Amino acid sequence: MLQNIRVVLVNTSHPGNIGGAARAMKNMGLSRLVLVDPVDFPSGDAVARASGATDILDAAQVVGTLEEALVGCSLVLGTSARDRRIPWPLLDPRECGVASCEQAAQGGEVALVFGREYAGLTNEELQRCQFHVHIPSDPQFSSLNLAAAVQVLAYEVRMAWLAAQDRPTKVAKQETTAMLDMQPVTADELESFYAHLELSLVEIGFLDPAKPRHLMSRLRRLYGRSGISKLEMNILRGILTETVKAARGEHHRQGKSDV
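Residues numbered from 1 in each chain as written. Predicted model: local features only at pLDDT ≥ 70, side-chain atom pairs only at ≥ 80, totals over all residues. Heavy atoms only, no water.

1. Topic: the overall build of the chain
Consideration 1: On a plain count of helices and strands, the chain comes out with 12 helices and seven strands.
Consideration 2: Relative to its length of 259 residues, the chain is extended, with a C-alpha radius of gyration of 31 Å against a globular reference of 18 Å.
Consideration 3: Considering the chain as a whole, with its 259 residues, one finds that 39% of them fall into the buried category.
Consideration 4: Of the contacts formed within the chain by residues at least 6 apart in sequence, a portion of 82% connects residues at least 24 apart.
Consideration 5: A total accessible area of about 15,100 Å² is found for the chain, and carbon and sulfur atoms account for 53% of it. (Helix = DSSP H or I, 4+ residues; strand = E, 2+ residues; numbered from the N terminus. Rg over C-alpha atoms; globule rule 2.2 N^0.38 Å. Buried < 20%, exposed > 50% of the residue type's maximum accessible area, 1.4 Å probe, protein only. Contact = heavy atoms within 4.5 Å. Areas by Shrake-Rupley, 256 points an atom, 1.4 Å probe, with all protein chains shown as cover.)

2. Side note on the nonpolar core
Consideration 1: Leu 9, Leu 33, Phe 114 and Val 150 are the most contacted members of the largest nonpolar core, which has 40 residues in total.
Consideration 2: Here this core takes nine residues from helix 7 (residues 146-164), the largest share from any one element.
Consideration 3: Counting residues in hydrophobic clusters, the runner-up holds 15 residues, among them Val 34, Val 36, Leu 70 and Leu 126. (Core = buried A, V, L, I, M, F, W, Y, C linked by side-chain atoms within 4.5 Å.)

3. What to know about the environment of Ala 148
Consideration 1: As for its placement among the helices and strands, Ala 148 is situated in helix 7.
Consideration 2: With a relative accessible area of 32%, Ala 148 lands in the partly exposed category.
Consideration 3: Sequence separation of Ala 148 and Ala 21 is 127 residues, and the distance between their C-alpha atoms is 7.6 Å.

4. Side note on helix 11 (residues 230-248)
Consideration 1: Between the first and last C-alpha of helix 11 there are 27 Å, a value that for 19 residues agrees with the 27 Å anticipated at 1.5 Å per step.
Consideration 2: Looking one or two places after helix 11, you find Gly 249, whose phi comes out positive at around 80 degrees. (Expected span 1.5 Å × (residues − 1).)

5. Things to note about the side chain of Arg 116
Consideration 1: One can find Arg 116 in the loop between strand 6 (109-114) and helix 6 (123-126).
Consideration 2: Among the polar contacts made by the side chain of Arg 116, one reaches the side chain of Asn 11 at a distance of 3.3 Å.
Consideration 3: A distance of 2.7 Å separates polar atoms of two side chains, one belonging to Arg 116 and the other to Glu 125. (Polar contact = N/O pair within 3.5 Å; in protein donor to acceptor, adjacent residues only side chain to side chain.)

6. Section: the pairing of strand 1 (residues 5-10)
Consideration 1: The buried fraction of strand 1 is high, at six of six residues.
Consideration 2: Side chains Ile 5, Val 7 and Leu 9 project from strand 1 onto one buried face, and the interleaved Arg 6, Val 8 and Val 10 project onto a second face that is buried too.
Consideration 3: Note: strand 1 against strand 6, five bridges, orientation parallel. Opposite Arg 6, over in strand 6, you have Ala 111 as the bridge partner.
Consideration 4: Of the pairings in the sheet, the one linking strand 1 to strand 2 (residues 32-36) comprises five bridges and is parallel in character. Paired with Leu 9 across the two strands is Leu 35, which belongs to strand 2. (Pairing = 2+ DSSP bridges.)

7. Let's talk about the packing of helix 1 (residues 15-27) against helix 7
Consideration 1: Where helix 1 meets helix 7, the closest approach of the two axes is 8 Å, and the angle between their N-to-C directions is 15 degrees. For the element pair helix 1 / helix 7, the angle class is roughly parallel. In terms of crossing hand, the pair formed by helix 1 and helix 7 is right-handed. Two secondary-structure elements touch here, helix 1 through Asn 17, Gly 20, Ala 21, Ala 24, Met 25 and Asn 27 and helix 7 through Leu 146, Ala 147, Val 150, Gln 151 and Ala 154. (Axes fitted to C-alpha atoms, helices over the stretch in contact; angles between N-to-C directions. Parallel < 35°, antiparallel > 145°, perpendicular 65-115°, else oblique. Left-handed = near helix turned anticlockwise from the far one by under 90°.)

8. Some remarks on the packing of aromatic side chains
Consideration 1: Following the criterion strictly, the structure yields two aromatic pairs and no others.
Consideration 2: Pairing Phe 193 with Tyr 223 gives two aromatic rings, centres 5.0 Å apart and planes at 85 degrees, and the pair type is edge-to-face. Of this pair, Phe 193 sits in helix 9 (residues 187-203) while Tyr 223 sits in helix 10 (residues 215-224), and the two are 30 residues apart along the sequence.
Consideration 3: Put simply, the rings of Phe 193, Tyr 194 and Tyr 223 pair up and form one aromatic cluster. (Phe/Tyr/Trp six-rings, centres within 6.5 Å; stacked < 30°, edge-to-face > 60°.)

9. So, the pattern of salt bridges
Consideration 1: Overall, the coordinates contain 11 salt bridges when judged by the stated rule.
Consideration 2: Note that Arg 128 is salt-bridged to Glu 124, the shortest N-O span being 3.7 Å.
Consideration 3: Note on Arg 128: relative accessible area 37%, which makes it partly exposed.
Consideration 4: The exposed category is assigned to Glu 124, whose relative accessible area is 55%.
Consideration 5: Across the salt bridge formed by Arg 220 and Glu 191, the nearest N and O atoms sit 2.7 Å from each other. Of the two residues, Arg 220 sits in helix 10 while Glu 191 sits in helix 9, which places them 29 residues apart along the sequence.
Consideration 6: Through salt bridges with shared partners, a single network forms among Arg 6, Arg 32 and Glu 109. (Salt bridge = Lys/Arg side-chain N within 4 Å of Asp/Glu carboxyl O.)

What follows is the structure, given as structure tokens:
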């Protein structure tokens, strides 16, 4: 689906913006870049700003006119930052993403058209687009960098694509600590903890071995019904270790040696 969506940059002045746009595209899974009469391309600045998305720059199609860039497209969406007083269908970025993916899913070719850094698209160019897309930025500072504008629309395209594919938009991090937090402790690990706990309580003077008063039995019952995970066990063991160190005054000595 995403292969049917092309990003068209018209008469781009700064090659760095072309590289930034390529990077934004690759972040979101878009790969087709069309450049209409760029002022400076190819360029080392474009490669530097692409930050690894040079494959998109290498495959970019360079044409002389917008008409050439739109050949084969059944849906053309042009970005417009200004009120042109033209009664044209207007979409926000989210609607743009949905419309693009719906058209692409039907096999249609889609073009997301971005204008010049200093002036955007001309009225004539905008009239070649079925829809205009306006990014609702703060009116007090509404001008977006070209690559930033590409990033916004590319992101919305990806979100719409993920929804259409019934894929999650929130991916849980598979970290070691997260895995430990899901694994319950074993019986032998629990016994090792109880031994550590008893020694620590004796060390700090909370438990008198001569008069235990069923303290460890009660603590076993408490922890036994808690469903302790491996991560939680590591935390508890760490607390016991540091508590004993503090009781021995080792923290004070360590603190002085660090100064």
